[in-house]
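# Analysis of the macromolecular model
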Amino acid sequence: MASILNILSITTIFLALAFQAYGQTCSLSNIQVSETKTETGYTVRVTNNCSCMQSKIKFSCVGFKPSQPVDPNLLTQGQDCLLIHGKPLFLAQVITFTYVSDTRFSFIPKSSEITCH
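Residues numbered from 1 in each chain as written. Predicted model: local features only at pLDDT ≥ 70, side-chain atom pairs only at ≥ 80, totals over all residues. Heavy atoms only, no water.

Turning to the overall build of the chain, a few remarks are in order. Tallying secondary structure elements over the chain gives 1 helix and 7 strands in all. Put simply, the chain runs from its N terminus to its C terminus through helices and strands in the order α-β-β-β-β-β-β-β. When the 117 residues of the chain are sorted by exposure, 29% land in the buried category. When the accessible surface of the chain is split by element, carbon and sulfur atoms take 60% of a total near 7,600 Å². (Helix = DSSP H or I, 4+ residues; strand = E, 2+ residues; numbered from the N terminus. Buried < 20%, exposed > 50% of the residue type's maximum accessible area, 1.4 Å probe, protein only. Areas by Shrake-Rupley, 256 points an atom, 1.4 Å probe, with all protein chains shown as cover.)

Written out as structure tokens, the structure is:
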């Protein structure tokens, strides 16, 4: 009887740890955006702080008018800006792009697709 309880306890602990590691819930709040002023504009760093990958990351870009185009491989511009053509951003992966402007634009994540394996 004691060995059955030990096995059940170990199984319960294992499942709890597995769920905690692999069942992490992600949201847009796991997409971190930071901006740094440069001589000619701003550098933007976008990081995924979740163990699940996030793809099709969009920002609302209404009013974003840099004086030179942003690299379209990094940010596709329109009413909504799409990061890296919608490709996945993995845990701790950083995408950096720059834009030329006298004023800072706040890139706020609008939507993404979250995939956990």
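That shown, we press on.
Taken in spatial order, the 4 strands line up as 4-5-3-7 in an open sheet, and their pairing is antiparallel. The open sheet terminates on both sides in strands that have one partner only, identified here as strand 4 (75–76) and strand 7 (109–115). Judged from the 3 bridges that link them, strand 3 (residues 53–60) and strand 5 (residues 80–83) form a sheet pairing that is antiparallel. Within strand 5, the residue paired with K58 across the bridge is L82. (Pairing = 2+ DSSP bridges.)

Applying the stated criterion across every chain, the model contains 3 salt bridges. In this structure, R104 and E35 form a salt bridge, with 3.9 Å as the shortest nitrogen-oxygen distance. Of the two residues, R104 sits in the loop between strand 6 (94–100) and strand 7 while E35 sits in strand 1 (residues 31–37), which places them 69 residues apart along the sequence. On the basis of relative accessible area, E35 is assigned to the buried category, the value being 18%. E113 is paired through a salt bridge with K56; the nearest N and O atoms lie 3.5 Å apart. Highlighted residues: E113 in strand 7 and K56 in strand 3, separated in sequence by 57 residues. Since its relative accessible area comes to 41%, E113 is described here as partly exposed. Overall, K56 belongs to the partly exposed group, its relative accessible area being 42%. (Salt bridge = Lys/Arg side-chain N within 4 Å of Asp/Glu carboxyl O.)

Here the focus is the sheet that holds strand 6. Within a sheet, adjacent strands bond to each other through the backbone by hydrogen bonds, running parallel or antiparallel. With respect to topology, 3 strands assemble into an open sheet ordered 1-2-6, the strand pairing being antiparallel. Whereas interior strands pair on both sides, the edge strands pair on one side only; in this sheet they are strand 1 and strand 6. Each strand axis lies, on average, 20 degrees off the axis of its neighbour in the sheet, ignoring direction. Where strand 1 lies against strand 2 (residues 41–48), 7 bridges are found, and the strand directions are antiparallel. Considered in strand 2, the bridge of I31 is made with N48. (Axes fitted to C-alpha atoms, helices over the stretch in contact; angles between N-to-C directions.)

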